[in-house]
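Listed below are the residues making up each chain.
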Amino acid sequence: MKNKKFKILFLSLAIVLGCEQRIMPEKSGFRIAKDYTDFAHEMENNDTLNIGVNLSMCMWEEFDRIEITKMNDSVYLQIKEKLVMNDAPTRFPKVLYELKNDTLNLERMMSDFDINYTEKISSPFFIITNPKEKDTILLRSIGLGTLGVKIDRYLRLMSELYPKEMEKRRIKYFGPPELIEEIMETE
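These numbers come from a predicted model, not from an experiment. (Residues numbered from 1 in each chain as written. Predicted model: local features only at pLDDT ≥ 70, side-chain atom pairs only at ≥ 80, totals over all residues. Heavy atoms only, no water.)

A. Layout of the packing of aromatic side chains. Taken as a whole and assessed by the stated rule, the structure comprises 8 aromatic pairs. Note on Phe-39 and Tyr-97: the rings are 5.5 Å apart at their centroids and 35° apart in plane angle, and the pair reads as tilted. Pair noted here: Phe-39 is in helix H3 (residues 39-42) and Tyr-97 is in the loop between strand S4 (95-96) and helix H4 (106-111), with a separation of 58 residues, a long-range link. Each member of the pair, Phe-39 as well as Tyr-97, is classed as buried. (Phe/Tyr/Trp six-rings, centres within 6.5 Å; stacked < 30°, edge-to-face > 60°. Helix = DSSP H or I, 4+ residues; strand = E, 2+ residues; numbered from the N terminus. Buried < 20%, exposed > 50% of the residue type's maximum accessible area, 1.4 Å probe, protein only.)

Written out as structure tokens, the structure is:
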């Protein structure tokens, strides 16, 4: 009996010591509170950033839900959901977040907001969250004039990343380029 207990104890100990120890993945150092304006460089592989974008103004309702991920040292952006007015949401493909035009840069656009501006009269333009954190950042625009400029800048940025999809969207909601030019000439 004693010999059997010893064999079981020895076998258990051999299994525990002989098993390969699991290496826990390092916890990412990326924190949205300090890194959101430089996420492309600060994110580590397997980090994710979710951004809600409120493009609504006056009687127009439009919202984007963006997911930014870093995999194999490359940053990818995907519009997971684009909601325009009462239409069904659309989904855009994942694209490499690599912009040649430095002025159309999402981080630069985010850094133009005053993070301390918290007036509740303006709804957030960007709602930034990290699924691994409980932290959320709300970036609000100051007034309708700056909101219009920020919407235009954001849409130009998305047109760089999604040229075909954004052109289809523009034609669907605003008509072909010839019609827009004709309206502008008659005004």
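B. Geometry of the confidence of the model for the protein. Summarising the model, the protein shows a mean pLDDT of 81, and 76% of its residues fall at 70 or more. Here helix H1 (residues 2-18) stands out as the element of the protein with the lowest mean pLDDT, 56, in contrast to strand S2 (residues 62-71), whose mean of 95 is the highest. (pLDDT = per-residue confidence, 0-100.)

C. Structural detail: unusual backbone geometry. We note that Asn-46 has phi near 75°; this positive angle belongs to a residue other than glycine. Note that Asn-46 resides in the loop between H3 and strand S1 (48-54). Of note in the backbone geometry, Met-85 takes a positive phi value of approximately 50° without being a glycine. Looking at where Met-85 falls in the secondary structure, it is placed in the loop between strand S3 (74-84) and S4. Judged by its relative accessible area of 37%, Met-85 falls in the partly exposed class.

D. Structural context of the environment of Thr-136. Residue position: Thr-136 is located in strand S6 (residues 136-140). Overall, Thr-136 belongs to the partly exposed group, its relative accessible area being 39%. In the structure, Thr-136 is positioned 85 residues away from Ile-51 in sequence and 9.8 Å away in space, judged by C-alpha atoms. Among residues more than four places away in sequence, those in contact with Thr-136 are Ile-32, Ile-127, Ile-128 and Thr-129. (Contact = heavy atoms within 4.5 Å.)

E. Representation of the pairing of S2 within the structure. Burial within S2 is extensive, with 7 of its 10 residues counted as buried. Pairing of S1 with S2 involves 7 bridges; the strand directions are antiparallel. Its bridge partner lying in S2, Asn-54 is registered against Phe-63. Taken together, the 10 bridges between S2 and S3 define a ladder with antiparallel strand orientation. (Pairing = 2+ DSSP bridges.)

F. Highlighting the sheet that holds S6. Read across the sheet, 6 strands follow the order S4-S3-S2-S1-S5-S6 without closing on themselves; strand pairing throughout is antiparallel. Two strands lie at the open edges of the sheet, namely S4 and S6, each paired on one side alone. Examined bridge by bridge, S1 and strand S5 (residues 124-129) share 4 bridges and lie antiparallel to one another. Within S5, the residue paired with Ile-51 across the bridge is Ile-128. Here helix H5 (residues 143-161) sits on the sheet in contact with S1, S2, S3, S4 and S5, set at roughly 50° to S5. (Axes fitted to C-alpha atoms, helices over the stretch in contact; angles between N-to-C directions.)

G. Broad picture of the side chain of Asp-64. By the element assignment, Asp-64 lies in strand S2. Of the residues examined, Asp-64 reaches a relative accessible area of 3% and is grouped as buried. Among the polar contacts made by the side chain of Asp-64, one reaches the side chain of Lys-82 at a distance of 2.7 Å. Not counting residues up to four positions away in its chain, the partners in contact with Asp-64 are Ile-51, Gly-52, Val-53, Leu-55, Ile-79, Glu-81, Lys-82 and Tyr-154. (Polar contact = N/O pair within 3.5 Å; in protein donor to acceptor, adjacent residues only side chain to side chain.)

H. The pairing of S5, seen in detail. Pairing of S5 with S6, which is carried by 5 bridges, proceeds in the antiparallel orientation. From the neighbouring strand, Thr-129 faces S6, where its bridge partner is Thr-136. Between S5 and S6, which pair antiparallel and follow one another directly, the connecting turn spans 6 residues.

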